Amino acid sequence: MATYAFPRLPVHSIESYPRGTFCRAGRSRSGNRRLTVLCFYVATLLSIPPADAQDMVPFVIPARIDTTHAIWLSQFEPITTDAPRLVARDSHFYRGAERVRIWGVNLSFGANFPTHEDATHVATRLAAAGVNSVRCHHMDTSRWPRGIWDAQTGRTLEPQALDRLDYFINELAQRGICVNINLHVGRAHSEYLRLPQTNREYDKMSGIFTPALVEAQTQFARDLLGHVNAYRNVRYADDPAIAFVEISNEDSLLMWGAEETLRTLPAYYANILQGQFNAWLRRKYDSDAALRQAWTQGTQPLGDNLLNNGSLTSWNSQRRLPRDWNLEQHENCRASLSTADGTLRVTIDNADDTSWHLQLTQAGLALTQGRYYTASFDAKTDRPRQISCSVGQAHEPWNNLGLSREVQLTNEMQRFSFGFVTTADESNARISFAFSGDATPFNLARVELRPGGQVALAEGESRAEGTIGLYRDNESRARILDRMMFLAETEKAYFDGMRHFIKNDLGCQALVTGTVVFGPLGQYAQSDMDFVDSHAYWQHPRFPGRPWDAGNWIVEQRPMTDHPEQATLFRVAAERLAGKPFTLSEYNHPAPLDAQAECVPMVASFAAAQDWDGVWLYTYSHSSDNWAREHLNSYFDIDTNPAKWGFMRAGAALFRYGGVAPLNGIAYSSLVSGDGVVNELATLHLRHGSDMLRTTGLLREAMLKGQYIAAISGRNEQYDIRSPGALTQWTVDQGKGIYTVQSRAGSVHVGHAEQLTAASNGTITIDAPEFVALTIAALDDKERIPLAGYDQILVTACGRCENTGMGFSDDRRTVGRNWGEAPVQIEPVEGRVVLPRGWWTCQALAPDGSPKQPVPVSYEDNRGILKLSPQFATMWYLLRRGE
């Protein structure tokens, strides 16, 4: 088992500030430094701010900083071309004998190619905040200057891009920052190979099984990783600064929307995949008879219709609806219903581009997990159009329960029939027809939802002749499981093959991962990578109309602190795999969420408590030439967002340097127990989908008390770590949540003030604002001791963050295109914090990290009291132990 020895922290000496700049208000008579963890509590209130909310204050953290200011790191160990490589050992990352945690950021599109002058300043700013890795993301998506491909043809690597990337990598390496190269993110190789267009953006999914697309990916890897850095005189493949390589971002045959994509593949790709499926079946089954026998097992005839008024002919005249049915109309979309020739006529009066804004539903259905059901209906339309049919929960969080299909209607009445296996027990399920996105009217009739109805082989299907389709309606469970195993093995073969090519054919010594985990079969597909990765976002922007429409989007005002039952961090934790380092390479709570300040403190402390190995925030920037801006410019960019970037230095202390200790308990749990590993994993995947939290059955409360690590098979055990571990708490009272983590060299406090004040027994009191995130982190270089033993402590506190003059809607869910202007502002915090025992002086820091104003520290009962106040117009308070 790995020990928790983290790298020593290079910091400024205490003499970094001139004598006399700190305010001294009294001295403690106690010099006791007992080896105990001092628990801090903070409080906060958040919500949509009331009219009398306190004033915002400008807080622009400059693009070019002076690293002599004590908040910043200034001494870095360069990654030279002969430095020891980062390796995966004992489930973690090591360089030599030293355990390494990655505290990183993404760079997207043009941000990977700063000018030489900008590269120096960007690298310095990153390193000063404690960043030790960047993830080069979306380099392959565009032509120069937003991407790595030449501007004229898009077929060769652009020399200017390579020169800038070379120089930037060297500047990063000189400051101890390693690089994560993403190979396939946004490149549509099919376009340049003159292949048919794929039906998924960026050739995702098709690029896993199409030989020509795989070859194009290997050629790009050969060109990029084989490139010699002009400033380091070494191939990327051989450079210790290139620590990680990712094969294909968010790409899986089991990913979200996979079934619809695979069912509707263009013929060229469908024929390739069907051929591979039939070859797989021939290897598994000796004959068609053996296949038919296997697929027939467990089939059931159709049972009774579970729907009331499935004919849609019994009418509720008062509601103008068929009895037992409901018409949902969202965002000003409108429809009307009538009867016509024994069918339901649906007329759309106003529609937008989001199909679920108009839905016909029937709820109150009781479904059994793992049981097979068949949904059937008749439909036609005046002109060709699509509608969708799904079965899911009739309540939050509105999870799908196994069926989500789009159907193409014509002017001829057709019968549609779809079988599915339910993913959970549900006493209040619903069937739904979604039909916004098109104003063409349509007719619906004879709607049924029945248990049973499976079919093994259709007429004319034969493995010997290669005519078995990857999908057909009303499939038997055995057929579904075989398909899922085929997809998982195909996916694993692709990622294993790409890794072998990178490591062996190219001789690249970087650590390689494939993509993020998509359920138990996805975890299996990644099980032979060097490390396992995940992505997560809280309140990712939604686009009711066109995808990524900058003028039409919504970010729901929901603090994650208030919703632990939906929190992304627990789902991510369930994806960790035994024997492999575990990383989270994309994470954000996007702007302009009022609670976005919770993002960095929560992920840094949760990841540290769970003892993960890397976190990359998404994203530092998208731009190569706008580093000096002083305002928020998007949902994700954190470089000018003090609610994110302002917490990065504390996050480095808490996560990278181990200020928050791992939770003491470790539980290993095997997903399967028998010899048929892939079959059992497919059964789990069929039952739970890609949700590893449901797959493992682990309770969220358990993850607050101990680490959780999944194993594919063969490991069920628990361990205790005999060292001071973190103490975590996440509770909600009447809709208001608190999240706290206390540990040996730091603490995190996010949530609502009244709960936090009570939990701390008055140790911390927050008067304003309504919601805050607050961290307390030791900055100086000492062995892991209680917080009271450190000499420099940074208190970081922030409420809301927004630009000057942002044009919020009344419900604060969007600003459309009106992001306001510089300067970016924060909501300062007012309150008091009881300090560790000892003599303390304090400075409020300016946005560049320089000492701005002395802050009085008073003493009560031999304990220092730090008063946070808007008068200091800061989110940073630097405490220094006096003599």
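A brief report on the enclosed structure follows.

About the thresholds
- Residues numbered from 1 in each chain as written.
- Predicted model: local features only at pLDDT ≥ 70, side-chain atom pairs only at ≥ 80, totals over all residues.
- Heavy atoms only, no water.
- Helix = DSSP H or I, 4+ residues; strand = E, 2+ residues; numbered from the N terminus.
- Rg over C-alpha atoms; globule rule 2.2 N^0.38 Å.
- Buried < 20%, exposed > 50% of the residue type's maximum accessible area, 1.4 Å probe, protein only.
- Phe/Tyr/Trp six-rings, centres within 6.5 Å; stacked < 30°, edge-to-face > 60°.
- Lys NZ or Arg CZ within 6 Å of the ring centre and 35° of its normal.
- 1 Å grid on protein atoms, 1.4 Å probe; cavity = no way out; pocket = protein on both sides within 12 Å on 5 of 7 lines; lining within 4 Å.
- Points joined across faces, edges and corners; volume = space filled by probe spheres on them.
- Polar contact = N/O pair within 3.5 Å; in protein donor to acceptor, adjacent residues only side chain to side chain.
- Contact = heavy atoms within 4.5 Å.
- Expected span 1.5 Å × (residues − 1).
- Core = buried A, V, L, I, M, F, W, Y, C linked by side-chain atoms within 4.5 Å.
- Pairing = 2+ DSSP bridges.
- Axes fitted to C-alpha atoms, helices over the stretch in contact; angles between N-to-C directions.
- Salt bridge = Lys/Arg side-chain N within 4 Å of Asp/Glu carboxyl O.
- Disulfide = S-S within 2.5 Å.

## Topic: the overall build of the chain
Alright, step 1. Per the secondary structure count, the chain includes 18 helices and 43 strands.
Alright, step 2. Relative to the globule expectation of 29 Å for 883 residues, the C-alpha radius of gyration of the chain, 29 Å, shows essentially globular dimensions.
Alright, step 3. If you line up the chain on its principal axes, its C-alpha atoms span 90 × 65 × 55 Å.
Alright, step 4. A burial count over the chain gives 62% of its 883 residues as buried.

## Details of the packing of aromatic side chains
Alright, step 1. Counting across every chain of the model gives 41 aromatic pairs.
Alright, step 2. Seen from their ring centres, Phe93 and Phe531 are 5.7 Å apart, and the 80 degrees between their planes marks the pair as edge-to-face. Here Phe93, found in strand E3 (residues 92-95), pairs with Phe531, found in the loop between helix H10 (519-525) and strand E24 (532-537); they are 438 residues apart in sequence, far enough to count as distant. Of the two residues, Phe93 and Phe531, both sit in the buried class.
Alright, step 3. Ring centres of Tyr618 and Phe636 lie 5.7 Å apart, and the angle between their planes is 70 degrees; on these two criteria the pair is classed as edge-to-face. Here Tyr618 is found in strand E26 (residues 614-621), whereas its partner Phe636 is found in the loop between E26 and helix H13 (642-645), with 18 residues between them in sequence. The same class applies to Tyr618 and to Phe636, which are both buried.
Alright, step 4. Aromatic rings pair up to connect Tyr537, Phe543, Trp548, Trp553, Tyr618, Tyr635, Phe636 and Trp819 into one cluster.
Alright, step 5. Just above the ring of Tyr524 sits the side chain of Lys492; from NZ or CZ to the centre is 5.6 Å.
Alright, step 6. Sitting above the plane of the Phe808 ring, Arg812 keeps its charged end 3.8 Å from the centroid.

## Considerations on empty space enclosed by the protein
Empty space among the atoms becomes apparent when a probe as large as a water molecule is rolled across them.
Alright, step 1. Scanning all chains against the criterion turns up six cavities of 30 Å³ or more.
Alright, step 2. When its volume is computed, the second largest cavity comes out at roughly 40 Å³.
Alright, step 3. What lines the second largest cavity is simply Phe59, Val60, Ile61, Arg629, Glu630, His631, Asp639, Thr640, Asn641, Pro642, Trp645 and Val824.

## Here's the deal with the side chain of Thr695
Alright, step 1. With respect to the secondary-structure elements, Thr695 resides in helix H16 (residues 692-696).
Alright, step 2. Polar contacts involving the side chain of Thr695 include one to the main-chain carbonyl oxygen of Asp691, which spans 2.9 Å.
Alright, step 3. In this structure, Thr695 is in contact with Pro520, Leu671, Leu684, His688 and Gly689, ignoring residues within four places of it in sequence.

## Here we look at helix H5 (residues 211-225)
Alright, step 1. Relative to the 21 Å expected for 15 residues at 1.5 Å per residue, H5 spans 21 Å between its end C-alpha atoms, a close match to the ideal helical length.
Alright, step 2. Inspection of H5 places Leu213, Ala216, Gln217, Thr218, Phe220, Ala221, Leu224 and Leu225 among the buried residues, and these make up the whole buried set.

## What about helix H12 (residues 599-609)?
Alright, step 1. Among the 11 residues of H12, 11 are classified as buried, and the element is accordingly described as predominantly covered.
Alright, step 2. The set of residues buried in H12 consists of Cys599, Val600, Pro601, Met602, Val603, Ala604, Ser605, Phe606, Ala607, Ala608 and Ala609.
Alright, step 3. A positive backbone phi angle near 60 degrees is found at Asp611, which sits one or two residues after H12.

## So, the nonpolar core
Alright, step 1. Among the nonpolar cores identified, the biggest contains 201 residues, and Val105, Leu126, Ile148, Phe244, Leu617 and Trp645 are the most heavily contacted of them.
Alright, step 2. Among the elements that take part in this core, helix H9 (residues 477-505) stands out by supplying 12 residues, more than any other.
Alright, step 3. When neighbours within four sequence positions are excluded, Trp645 is seen to be in contact with Ile61, Val105, Arg125, Leu126, Ala129, Val131, Tyr620, Ile638 and Asp639.
Alright, step 4. Ranked by size, the runner-up nonpolar core spans 38 residues in total, among them Ile387, Val391, Val407 and Leu444.

## Some points on the side chain of Asp239
Alright, step 1. Its location among the elements puts Asp239 in the loop between strand E9 (234-235) and strand E10 (242-248).
Alright, step 2. Apart from the residues lying within four places of it in its own chain, the contact partners of Asp239 are Arg85, Ile169, Arg232 and Val234.

## Here's the deal with unusual backbone geometry
Alright, step 1. The step from Trp144 to Pro145 runs through a cis peptide bond, and the omega angle for that step is 15 degrees.
Alright, step 2. Note on placement: Pro145 falls in the loop between strand E6 (133-137) and helix H2 (159-174).
Alright, step 3. With an omega of 0 degrees, the peptide bond between Ala822 and Pro823 qualifies as cis.
Alright, step 4. The residue Pro823 is located in strand E37 (residues 821-826) in this model.
Alright, step 5. A positive phi angle, near 65 degrees, is found at Asn862, a position not held by glycine.
Alright, step 6. Checked against the element boundaries, Asn862 lands in the loop between strand E41 (857-860) and strand E42 (863-868).
Alright, step 7. Overall, the relative accessible area of 26% leaves Asn862 in the partly exposed class.

## Remarks on the sheet that holds strand E33 (residues 764-768)
Alright, step 1. The antiparallel open sheet is built from four strands, whose spatial order is E33-E38-E42-E41. This sheet does not close on itself; its edge strands, each paired only once, are E33 and E41. Pairs of neighbouring strands in the sheet enclose a mean axial angle of 20 degrees, with direction left out of account.
Alright, step 2. As paired elements, E41 and E42 share four bridges and run antiparallel to each other. Note on E42: the bridge partner recorded for Glu860 is Arg863.

## Observations concerning the sheet that holds E3
Alright, step 1. Sheet architecture is open: three strands sit in the order E2-E3-E4, paired in antiparallel fashion. The sheet is open, and its two edges are formed by strand E2 (86-89) and strand E4 (98-100), each paired on a single side. Across the sheet, the axes of successive neighbouring strands diverge by a mean angle of 45 degrees, strand direction being ignored.
Alright, step 2. Sheet analysis places E2 next to E3, joined by four bridges and oriented antiparallel. Bridged to Val87 within E3 is Tyr94.

## Topic: the pattern of salt bridges
Opposite charge on two side chains lets them pair, provided their charged atoms get close.
Alright, step 1. Under the counting rule described, the total for this entry stands at 44 salt bridges.
Alright, step 2. Across the pair Asp811 and Arg813 runs a salt bridge whose closest N-O atoms are separated by 2.9 Å.
Alright, step 3. Residue classification places Asp811 among the partly exposed positions, given a relative accessible area of 33%.
Alright, step 4. Several salt bridges share partner residues, and in doing so they unite Glu331, Arg542, Glu556, Asp811 and Arg813 into one network.

## Notes on the pairing of strand E30 (residues 727-733)
Consecutive side chains of a regular strand alternate in pointing toward one face of the sheet and then the other.
Alright, step 1. Relative to strand E31 (residues 736-743), E30 is paired through seven bridges, and the arrangement is antiparallel. Bridging from a neighbouring strand, Thr728 pairs with Val741 of E31.
Alright, step 2. Between E30 and the antiparallel strand that follows it, E31, lie two residues; Gln734 among them carries a positive phi value of about 55 degrees.

## A look at the pairing of E31
Alright, step 1. Most of E31 sits out of view: seven of its eight residues are buried.
Alright, step 2. Bridge count between E31 and strand E32 (residues 746-751): six bridges; the pairing is antiparallel. Residue pairing for E32: Tyr739 is matched across the bridge by Val750.
Alright, step 3. A loop of two residues connects E31 with E32, the two strands running antiparallel in sequence.

## A few points about the environment of Gln75
Alright, step 1. Checked against the element boundaries, Gln75 lands in the loop between strand E1 (57-58) and E2.
Alright, step 2. Along the backbone, Gln75 and Ile766 are 691 residues apart, and their C-alpha atoms lie at a distance of 35 Å.

## Comments concerning the state of the cysteines
Alright, step 1. On inspection of all chains with the given rule, the structure shows zero disulfides.
Alright, step 2. Lacking any disulfide linkage, Cys798 is separated from the closest cysteine sulfur, that of Cys801, by 5.9 Å.

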